[in-house]
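Here's the letter readout for the chains.
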Amino acid sequence: HRLLLENAQQLVLVCGRGERYLRREGSGSLAVLRSASLVVGLDGCIKAVGQADDIHNQFSEATFERIIDCSGKCVLPGLVDAHTHPVWAGDRVHEFAMKLAGASYMEIHQAGGGIHFTVEHTRKATEEELFNTFKHRLERMLRAGSTLVECKSGYGLNLETELKMLRVIQRAKQSMDIGISSTYCGAHSVPKGKTATEATDDIINNHLPKLKELKLSGEIHVNNIDVFCEKGVFDLESTRRILQAGKEIGLHINFHGDELHPMKSAELGAELGAQAISHLEEVSDEGIVAMARAECAAVLLPTTAYMLRLKQPRARKMLEEGVIVALGSDFNPNAYCFSMPMVMHLACVNMKMSMNEALAAATINAAYALGKSDTHGSLEIGKQGDLVIINSSRWEHLIYQFGGHEALINYVIVKGKVVYQNDKCETMSSY
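Residues numbered from 1 in each chain as written. Predicted model: local features only at pLDDT ≥ 70, side-chain atom pairs only at ≥ 80, totals over all residues. Heavy atoms only, no water.

The protein has the name Probable imidazolonepropionase in an unreviewed UniProt entry, where Pitta sordida is given as its organism. Recorded under Pathway (unreviewed entry), the UniProt text for the protein is reproduced unchanged: "Amino-acid degradation; L-histidine degradation into L-glutamate; N-formimidoyl-L-glutamate from L-histidine: step 3/3." Under the heading Cofactor (unreviewed entry), UniProt records this for the protein: "Fe(3+)". (UniProt positions renumbered as here; feature names shortened; annotations may be inferred.)

**Q** How should I be thinking about the UniProt feature "domain: Amidohydrolase-related" (unreviewed entry) in the protein in this particular structure?
**A** If you check UniProt for "domain: Amidohydrolase-related" (unreviewed entry), the listed places come out as residues 75-419 in our numbering. Helix makes up 45% of residues 75-419 and strand 16%, with an end-to-end C-alpha separation of 15 Å. (Helix = DSSP H or I, 4+ residues; strand = E, 2+ residues; numbered from the N terminus.)

**Q** Please clarify how the domain arrangement of the protein should be interpreted in this entry.
**A** One frequent convention defines the size of an interface as the accessible area lost when the parts assemble. When its domains are assigned, the protein resolves into domain 1 (3-78 + 378-421) and domain 2 (80-370). For domain 1 versus domain 2, the separation of C-alpha centres amounts to 29 Å. Between domain 1 and domain 2, the residue contacts involve 35 residues of the former and 31 residues of the latter. Taking both partners together, domain 1 and domain 2 bury about 3,000 Å²; carbon and sulfur atoms supply 67% of that area. One can count three salt bridges joining domain 1 with domain 2. (Domains from an automatic or database assignment. Contact = heavy atoms within 4.5 Å. Buried area = accessible area lost by both parts, 1.4 Å probe. Salt bridge = Lys/Arg side-chain N within 4 Å of Asp/Glu carboxyl O.)

**Q** What is the right way to read the layout of surface pockets from this model?
**A** Leftover empty space is mapped by rolling, across the atoms, a probe with the size of a water molecule. Approximately 410 Å³ is the volume found for the largest pocket. Taken together, 18 residues make up the lining of the largest pocket; nearest its centre are Phe 338, Ser 339, Met 342, His 405 and Glu 406. At the level of elements, helix 5 (127-143), helix 11 (302-308), helix 13 (340-351) and helix 17 (405-408) are the ones that each hand at least two residues to the lining of the largest pocket. By residue number, the principal contributor to the lining of the largest pocket is helix 11, which donates three residues. Considering only residue class, the lining of the largest pocket consists of 10 nonpolar, four polar and four charged. The two domains that each donate at least three residues to the lining of the largest pocket are domain 1 (3-78 + 378-421) and domain 2 (80-370). In this model, the second largest pocket occupies a volume close to 240 Å³. Contributing to the lining of the second largest pocket are 15 residues, with Met 176, Asp 177, Ile 178, Gly 179 and Lys 415 lying nearest its centre. When residues of the lining of the second largest pocket are traced back to their parent elements, those giving at least two are strand 8 (179-187) and strand 16 (417-421). Its residues assigned to classes, the lining of the second largest pocket comprises six nonpolar, three polar and six charged. In terms of domain composition, the lining of the second largest pocket takes at least three residues from each of domain 1 (3-78 + 378-421) and domain 2 (80-370). (1 Å grid on protein atoms, 1.4 Å probe; cavity = no way out; pocket = protein on both sides within 12 Å on 5 of 7 lines; lining within 4 Å. Points joined across faces, edges and corners; volume = space filled by probe spheres on them. Nonpolar A, V, L, I, M, F, W, Y, C, P; charged D, E, K, R; others polar.)

**Q** Please explain the packing of helix 7 (residues 196-216) against helix 8 (residues 236-248) as it appears in this structure.
**A** The description of two helices packed together rests on the angle between their axes and the distance between the axes. One can describe the packing of helix 7 onto helix 8 by two numbers: an axis separation of 10 Å at closest approach and a directional angle of 5 degrees. Comparing their axes, helix 8 and helix 7 come out roughly parallel. On helix 8, the residues that touch Ala 196, Thr 200, Asp 201, Ile 203, Ile 204 and Leu 208 of helix 7 are Ser 238, Arg 241, Ile 242, Ala 245 and Gly 246. Classifying every residue of the contact of helix 7 with helix 8 gives six nonpolar, three polar and two charged. (Axes fitted to C-alpha atoms, helices over the stretch in contact; angles between N-to-C directions. Parallel < 35°, antiparallel > 145°, perpendicular 65-115°, else oblique.)

**Q** Teacher, can you tell me more about the pattern of salt bridges here?
**A** Opposite charge on two side chains permits pairing when their charged atoms draw close. Applying the stated criterion to the full structure yields 23 salt bridges. When the shortest N-O distance is used, the salt bridge between Glu 150 and Lys 152 registers 2.7 Å. Of the two residues examined, Glu 150 and Lys 152, each falls in the buried class. Salt-bridge contacts for Glu 321 lead to Lys 317; the nearest nitrogen and oxygen are separated by 3.1 Å. Here Lys 317 falls in the partly exposed class, since its relative accessible area comes to 25%. (Buried < 20%, exposed > 50% of the residue type's maximum accessible area, 1.4 Å probe, protein only.)

**Q** Before we go on, may I ask you to explain the pairing of strand 11 (residues 276-279) in this structure?
**A** Along any regular strand the residues' side chains alternate between the sheet's two faces. Where strand 10 (residues 252-257) meets strand 11, four bridges bridge the pair, whose relative direction is parallel. Residue pairing across strands places Phe 255 opposite Ile 277, the latter belonging to strand 11. In this fold, strand 10 hands off to helix 9 (residues 265-272), which returns the chain to strand 11; that crossover is right-handed. Relative to strand 12 (residues 297-300), strand 11 runs parallel, the two being bridged by three bridges. The residue of strand 12 that forms the bridge with Ser 278 is Val 299. In this fold, the crossover linking strand 11 to strand 12 by way of helix 10 (residues 285-294) has right-handed handedness. (Pairing = 2+ DSSP bridges. Right-handed = clockwise from strand over helix to strand, strands pointing away.)

Structure (structure tokens):
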């Protein structure tokens, strides 16, 4: 066997009965084992989870590549970041001052800033430059406990640059330990010189057939399709056409909706069988009910509402209606946050989620939003051995400590392999 974790003070399974997601009724109490151990096999999957004594007896004759004593520590599932934009050149630090002075997202966008600024720089960047900065960002996410991350293209807005971004994501998928779900987001904004209808036609007639061809040849495998459904960007009809065309080539629908204006995006997503919809600051009551019924996950992004001073997404209303609520960092030049522990903290404070709900939203539900909850998001036999070990006797410290994960996260493990070890934790108490 590859790995044995022994004698954890708390082992947080998240869900222990094979659930694909947790709705509100399932999040009252997380499954937590005390004085527990866990075994990961050479195939990278979890072989046993249970009381330390039982595991010790069961595996007394077994050999392990590595044994970690987790006495006094907590073991949690690896965190899942359900929404990021991590491939780009040209940061927007100069725009942060404009935002603080009161400029809105759309005002900056219309002044040639925002997405257009990043698009210009990303088009000029070489594939190697993009890969190196992307790799560095993923490593930072990993150190903050994320073991599976959704990564979008969308700063190309032309076929050549979108493919350049997707090649960079594919390269990271193949060469890095962190799990990646890749998303084609060519409809992130309407390119300069085109109308939304022209951009939509270009995506459907040129971009998507090329993606299908590259998938068949094994060069690029994309998982999801995304559109920024928003007033002044892609309207409901254009969004419908693009998402439908993406679905037809086997992509999961996972798109930006109802962020700045109520667009009936949630209703559209439910109708099309979307796996997930992100943002939803302006979602309607009808949209919430439709998403709950369709088992369409809501990927809420507390960093965006916080940075742009938007209305907070109505997490409580969604939970009460039975929506599957997931979380993402929305890492991008507009919301520069790598840390899912900080995202969970903001979700609890600003969106009134409980810590149990936030942890479920950043593990099993985020995995569900990416169509991966059968293999990721909880510590169950047969699932991938992705784990975070924290130097604390209570798991809640991961959320309670705001920005404290540098000294709190002791190990990050992917497929039973230690991919990050923080030796500072051995010499200091997390309190």
